[in-house]
Amino acid sequence: MKLLLLSLTCLSCVSAQYLLAQFPPHLTVSRGENVSLYCNVTGMGVENACTKVAWLHIHPVSGLKVVYPRGQGSMMCLLNIPSAALKDTGRYYCILMEGVMPFPGNGTTLVVSESEHHSPTLDILVPSDIDASRPVPLICQASGLEDLSRAKVDWNVDLWKKNGEDEVHDVQRLNPRILPDIEGVVLSSQVYVPVGIWSAGVEVTCVLTDGKLRIRKSVSSKKGMSSLCLIMTSIIGPVCIILLGAVLMLSILLSRQRRNLSKYSDLHPQIFLD
């Protein structure tokens, strides 16, 4: 394989009669995309050069493959790869077959990778120290967005109001403030929740709309307390286990010490009598 690449490189250097310029020199696409590779043929006495051009595909694993494209132009040769697959990865050379001597181009490296799609995520930041006399500031952060200008963040408060004997569900919208993001990869929205709503444990919901995608995440003072209790339990639990283990070890050591002392007193009763 290395010998073949070296030969193609040497041929491209010595073939001054014809010049085959390939572009782009390097291309990376996701699987399923359409790929177009170009080869411009120039030289003396070249007519309908693309009818004499074949494409050599060198795959790093499977080896060589000759591709004969259809619908060629006169001087600008084109290789179309519809819906590129992983097996299309490799090095491509356009080769002009004029007489006995083949004239290769400079080559194009194509890399086909698995397409990666990351769904946007939402995080709500709640202050650890809340002043009961002031509105509670909450920040909703949306990450993993392809286009920040297309996304929109809204804040809703789920309220249950009494209408006579019945309770009616009502959604109240809050006025958010978009925070600047230096890196341009995270959309941050801040809102101030009235003290009465937050202290009552009403759920406050951040809603992200990105095209047809809609993601919701809610938080409340009750959820915050539950999370705090869970954190305290996770911290205190292991401490209790360690203390319990220490008490058990101490009781075992004291029990052994008492048994040893009892045996010693049986062997030397005179010492204890004195």
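Anything mentioned here points back to the structure above.
Rules used in this analysis
The residue count restarts for each chain, going from 1 along the sequence in the order it is written. In view of the model being predicted, local features appear only for residues whose pLDDT reaches at least 70, and side-chain atom pairs are presented and counted only at 80 or more, with totals across whole chains, interfaces and linings using the full set of residues. In computing side-chain values, all of the structure's heavy atoms are included and hydrogens and water are not. By disulfide we mean two sulfur atoms from cysteines, separated by a distance within 2.5 Å. Secondary structure elements follow DSSP: runs of H or I no shorter than four residues count as helices, runs of E no shorter than two count as strands, and numbering proceeds from the N terminus. In this scheme, a residue with accessible area under 20% of its type's maximum is buried, one over 50% is exposed, and one in between is partly exposed, where area comes from a 1.4 Å probe on protein chains only. Strand pairing is defined by DSSP finding a minimum of two bridges between the two strands. Angles run from 0 to 180 degrees between N-to-C directions of axes, and those axes are lines fitted to C-alpha atoms, restricted for helices to the stretch in contact.

Engineer: Honestly, the state of the cysteines in this entry has me stumped. Any pointers?
Structural biologist: Covalently bonding the sulfur atom of one cysteine to the sulfur atom of another cysteine gives a disulfide. On inspection of all chains with the given rule, the structure shows three disulfides. The side chain of Cys39 participates in a disulfide bridge whose partner is Cys94; the two sulfur atoms lie 2.0 Å from each other. On the sign convention where negative means left-handed, the S-S torsion of about 55 degrees between Cys39 and Cys94 marks this disulfide as right-handed. Highlighted residues: Cys39 in strand 3 (residues 35-43) and Cys94 in strand 7 (residues 90-98), separated in sequence by 55 residues. Here Cys39 falls in the buried class, since its relative accessible area comes to 0%. For Cys94, a relative accessible area of 0% corresponds to the buried category. The partner cysteine of Cys140 in its disulfide is Cys206, sulfur to sulfur 2.0 Å. Between Cys140 and Cys206 the disulfide shows an S-S torsion of about -80 degrees. By sign, it is left-handed. Note that Cys140 is positioned in strand 11 (residues 136-143) and Cys206 in strand 16 (residues 204-210), a separation of 66 residues in sequence.

Engineer: Before we go on, may I ask you to explain the sheet that holds strand 6 (residues 76-81) in this structure?
Structural biologist: Note on sheets: strands pair through backbone hydrogen bonds, and any given pair is parallel or antiparallel. Pairing is antiparallel across the open sheet formed by three strands, whose spatial order is 1-3-6. Both edges of this open sheet fall to strand 1 (18-23) and strand 6, since each of them pairs with a single strand only. Each strand of the sheet is rotated relative to its neighbour by a mean of 20 degrees, with strand direction disregarded. Note that strand 3 and strand 6 share six bridges and pair antiparallel. For Leu37, the partnering residue across the bridge sits in strand 6 and is Leu79.

Function cannot be inferred from these measures alone, as they are strictly geometric.
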